[in-house]
Amino acid sequence: MKNQYSGFWILLFVFLPLLSIAQKELSLENAVMGRWGNLSPQRLANFSWIPETNLYTYSEKSDSIEVLIAVNAYTFEKSELVTSPALGSAMTLKKELARIPNLTWINTNEAYYIVGGIVNMYNRKTQEVKNLFTVPSGSSNLEFRPHSTDVAFTKENNLFLIIDGKEIQITNFSDPNIVAGQTVSRVEFGIEHGVIWSANGEKLAFYQKDESKVTNYPLVNYSTRPASLANTKYPMAGMESEVVSIGIYTVGKEGVTYLKTDGPIDQYLTSVSWGPKSKSVYVGHLNRDQNDFHMKKYAAKSGELETEIFNETDEQYVHPMHNLEFIGKEDFLWLSEKSGLNQFYVYNGSGQVNWHINTADILVQSFVSYHPGSKKLWFLGNHKNKIDKHLFEVVITDGGSKELKQITSGEAYFSSVSFNDDKTFAITKSSALNTPNSYDLIELKNGSISTIFNAENPLQEYQIGNTRMDTLLADDGKTILHSRTIYPFDFDTSKTYPVLVYVYNGPGVQLLHQSWLGSAPLWMYHFANKGYIVYTLDGRGSTNRGIEFEQAPFRNLGQVEMRDQLTGVKYLKSLSYVDSTKFAVHGWSYGGFMTTALLTSYPNVFKVGVAGGPVMDWRYYEIMYTERYMDTPETNKEGYDLTSNLLRASKLEDKLLIIHGTSDPTVVKQHSDLFLKECISNGVRVDYFEYPGHEHNVYGKDRVHLMDKVLLYIESNL
């Protein structure tokens, strides 16, 4: 009999073979704790290029000590630079070091490192170590000045510098609602730093926010006796937000200049970038609706607006995630999705030139490097319908680009690339389904590739089942969806197996990559070995697939994503070895929202679910993320109602365990509490478990307890 789904699925799949004749059982504790420890593929520690040389460094174990090695990229000649005991004994504290600390090279000979809060300088030429200064107690958000050991940092809500060992206070706010030098907009829009140094180190720009109008949200600190209140600022969708400004400080000068940014006070200021020679600062202005973006140029000295460079709009939303990359005196690269895929555009300082670096169906994930002499641009990206990632090269010409070339090859995921200063060499780090970390040296002139390190398989002695990567079609008959299936190590096609669907499927996240184990956490292999199939699908809404794919859930989060998850379920049920009566679903955060939504929207598809840190109603989630994808509760009441798990609580028929950290500042516990209240009001049975003191997820040894709780609940109810 013909399979009823045979015309619906695209059966493109890749098997990860059994990695060895397994001997050891993969325990849950080892799977959870070992993922970032003994069962994690080895990486090159302390890998970096030494500035203005063709030498790259890494550290390796030699007996009980660690040695820093330098390698000539042309000849592969190795030399030992320093050992961990030598670095430790040279310090004032005479600290014993078993490992080489993380070194940051600031010039050809000098690198700094921090041990015990003390900043030290190592000189490879003289082999001397100098203790420079102690990082002040209570400081955070350290941002080192380029090519220097001077550093900006924050204490409480204010910004400080250490210049030549001397501490300087830049801001002096006593009002706790005013915060300087920290990230803003809840780390959306790619904002990872509160301080942005100019390339020459003469000036810095810093974010400042006024949270006076942002609601205080009460979190409880259980570590005190009695428990105490720990307020956090939490702007929920539709409510008042923070007011952001940008300050400029010039090293050696008195005072701060603030950019005279115009526009609504609740706009977002993003993509803050220094122009050449530190004379200008470029700032992206994004309206609160997040559909109208203006890039503007300001004079650093006066803070005055010089010009508007460009304007970008979208009917749904504009999502700036990158800073500018300057490739000439005023020309810069800008990454935008306005073509449908994330690609480069070239602008000049006046906004008069607009070149589209058209890379066909290749989506740019990140800028890597540029060489002004050859006009070659390198970036990491992927084909819009694939989940690998590769290094690409393109030559920029007047009016556009030419000679798009893929430098790396294979079904692999190249997670990082590092160039030496003159762009003669690049070192890539990659992995593939059945290949742990690999480091390759590429000579860019002739394209020759030399493998410099291959990690051993850390799981070769363990019972590990196959991993299969599939490609399916969504219910529209055209959209490609990627999925991953993990099998028991002793899988037998003549038997039938229950299924655990692990779900996230939220905006801005991609779970599946063409990388080691398909990016699966090891607890999935432990659970598969107990006689389960573990399945994950990245549906529409997830990232790195183009704007149409990503914007599909706009104003109705969870709806198209649930249909895509059910496409995966239908596919699984078409397989002879799947027990179609025994399906479970589990997810965290957006995945917790999806888990609850699936159970309350499609009862009896899954027998059991576990929702961790779940969003239950988008009215209670923060402004920046929620309003991008849902607009406001006032302008999209229908969408907020449609997507609310609270309004569907009465429809819950299947077993559900909700888990929440009591100190969660991301998805506040109120979500779960309100859902429990709705269940109680409607006579619906539901299970609940808290992790006291934990925030949005559970880490450390407590994570073993968490995963045991999750998996035992699923087993008990399947």
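Refer to the structure presented above.
Here is a short report on the structure shown in this document. Bear in mind that the values here come from a model prediction, so they are computed numbers and not experimental data.

Reading the values: the criteria
- Residues numbered from 1 in each chain as written.
- Predicted model: local features only at pLDDT ≥ 70, side-chain atom pairs only at ≥ 80, totals over all residues.
- Heavy atoms only, no water.
- Pairing = 2+ DSSP bridges.
- Helix = DSSP H or I, 4+ residues; strand = E, 2+ residues; numbered from the N terminus.
- Salt bridge = Lys/Arg side-chain N within 4 Å of Asp/Glu carboxyl O.
- Buried < 20%, exposed > 50% of the residue type's maximum accessible area, 1.4 Å probe, protein only.
- Axes fitted to C-alpha atoms, helices over the stretch in contact; angles between N-to-C directions.
- Core = buried A, V, L, I, M, F, W, Y, C linked by side-chain atoms within 4.5 Å.
- Contact = heavy atoms within 4.5 Å.
- Polar contact = N/O pair within 3.5 Å; in protein donor to acceptor, adjacent residues only side chain to side chain.

## Points about the sheet that holds strand β26 (residues 332-336)
Next up, step 1: Spatially, 4 strands are ordered β25-β26-β27-β28 in an open sheet, and the strand pairing comes out antiparallel. Looking along the sheet, the strands with just one partner apiece sit at the ends: β25 (325-326) and β28 (354-357).
Next up, step 2: Here β26 pairs with strand β27 (residues 343-347) via 5 bridges, running antiparallel. Paired with S336 across the bridge in β27 is Q343.

## Observations regarding the pattern of salt bridges
Next up, step 1: Per the stated rule, a full pass over the model turns up 28 salt bridges.
Next up, step 2: Notably, a salt bridge pairs R555 with D631, separated by 2.6 Å at the nearest N-O pair. Placement of R555 in the loop between α4 (547-550) and α5 (559-573) and of D631 in the loop between α7 (623-630) and α8 (637-642) is noted, with a sequence separation of 76 residues between them.
Next up, step 3: Given the relative accessible area of 26%, R555 is considered partly exposed.
Next up, step 4: Take D631: its relative accessible area is 15%, and that puts it in the buried class.
Next up, step 5: With its nearest N and O atoms 3.5 Å apart, the salt bridge here joins D687 to K655.

## Description of the pairing of strand β3 (residues 55-62)
Next up, step 1: Note: strand β2 (residues 45-49) against β3, 3 bridges, orientation antiparallel. Each bridged residue has a counterpart across the sheet, and for A45 the counterpart in β3 is S59.
Next up, step 2: Between β2 and β3, which pair antiparallel one after the other, the connecting turn spans 5 residues, and E52 there sits at a positive phi close to 60°.
Next up, step 3: For β3 and strand β4 (residues 65-72), the ladder comprises 8 bridges, and the chain directions are antiparallel. Among the inter-strand pairings, L55 is bridged to a residue of β4, identified as N72.

## Some details on the sheet that holds strand β36 (residues 448-454)
Next up, step 1: In spatial order, the strands read β33-β34-β35-β36; together these 4 strands make up an open sheet with antiparallel pairing. Edge positions in the open sheet fall to β33 (413-419) and β36, since each of these has one partner strand only. Neighbour-to-neighbour, the strand axes of this sheet turn through a mean angle of 25°, independent of strand direction.
Next up, step 2: As defined by bridge partners, β33 adjoins strand β34 (residues 425-432) across 6 bridges and the pair is classed as antiparallel. The residue bridging S416 from the neighbouring strand is K429, located in β34.

## Quick look at the nonpolar core
Next up, step 1: Core analysis: the biggest nonpolar cluster contains 59 residues, and F606, W618 and F675 have the highest contact counts within it.
Next up, step 2: In terms of residue count, the dominant contributor to this core is helix α6 (residues 590-601) (6 residues).
Next up, step 3: Here F675 is in contact with T596, T600, M616, N645, L646, A649, L652, L656, I658 and V686, once residues within four sequence places are set aside.
Next up, step 4: Y462, I659, L711 and L718 belong to the second largest nonpolar core, which has 38 residues in total.

## Examining the environment of H390
Next up, step 1: Note that H390 resides in strand β31 (residues 390-397).
Next up, step 2: A relative accessible area of 2% means that H390 is categorised as buried.
Next up, step 3: Spatially, the C-alpha atom of H390 lies 30 Å from that of P101, the residues being 289 residues apart in sequence.
Next up, step 4: When near neighbours in sequence (up to four residues on either side) are disregarded, H390 contacts F379, L380, G381, Q406, T408, S409, G410, A412 and F414.
Next up, step 5: For H390, the side chain forms a polar contact with the side chain of D388, separated by 3.5 Å.
Next up, step 6: At 2.8 Å, the side chain of H390 and the side chain of T408 are in polar contact.

## Structural notes on unusual backbone geometry
Next up, step 1: In this structure, P226 follows R225 across a cis peptide bond, with omega equal to -5°.
Next up, step 2: With a phi angle near 60°, F189 is a residue other than glycine that sits in the positive phi range.
Next up, step 3: Structurally, F189 is set in the loop between β14 (178-180) and β15 (195-197).
Next up, step 4: Its relative accessible area of 2% is what places F189 among the buried residues.
Next up, step 5: The phi angle at N544 is positive, at roughly 65°, despite the residue not being glycine.
Next up, step 6: Residue position: N544 is located in the loop between β40 (533-538) and α4.

## Side note on the side chain of R628
Next up, step 1: As for its position among the elements, R628 is in helix α7.
Next up, step 2: Residues contacting R628, with those up to four places away along its chain left out, are E188, F189, Q290, Y317, H319, F554 and I623.

## Digging into the pairing of β31
Next up, step 1: The buried fraction of β31 is high, at 7 of 8 residues.
Next up, step 2: The pairing of strand β30 (residues 376-383) with β31 spans 6 bridges and is classified as antiparallel. Counted as the bridge partner of G381 is H390 from β31.
Next up, step 3: The turn linking β30 back onto β31 is made up of 6 residues.
Next up, step 4: In this structure, β31 lies alongside strand β32 (residues 400-406), joined through 5 bridges in antiparallel fashion. When the sheet's bridge partners are listed, T397 is paired in β32 with G400.
Next up, step 5: Where β31 hands over to β32, the hairpin turn is made up of 2 residues, of which G399 adopts a positive phi near 90°.

Purely spatial values, then, with no claim about function.
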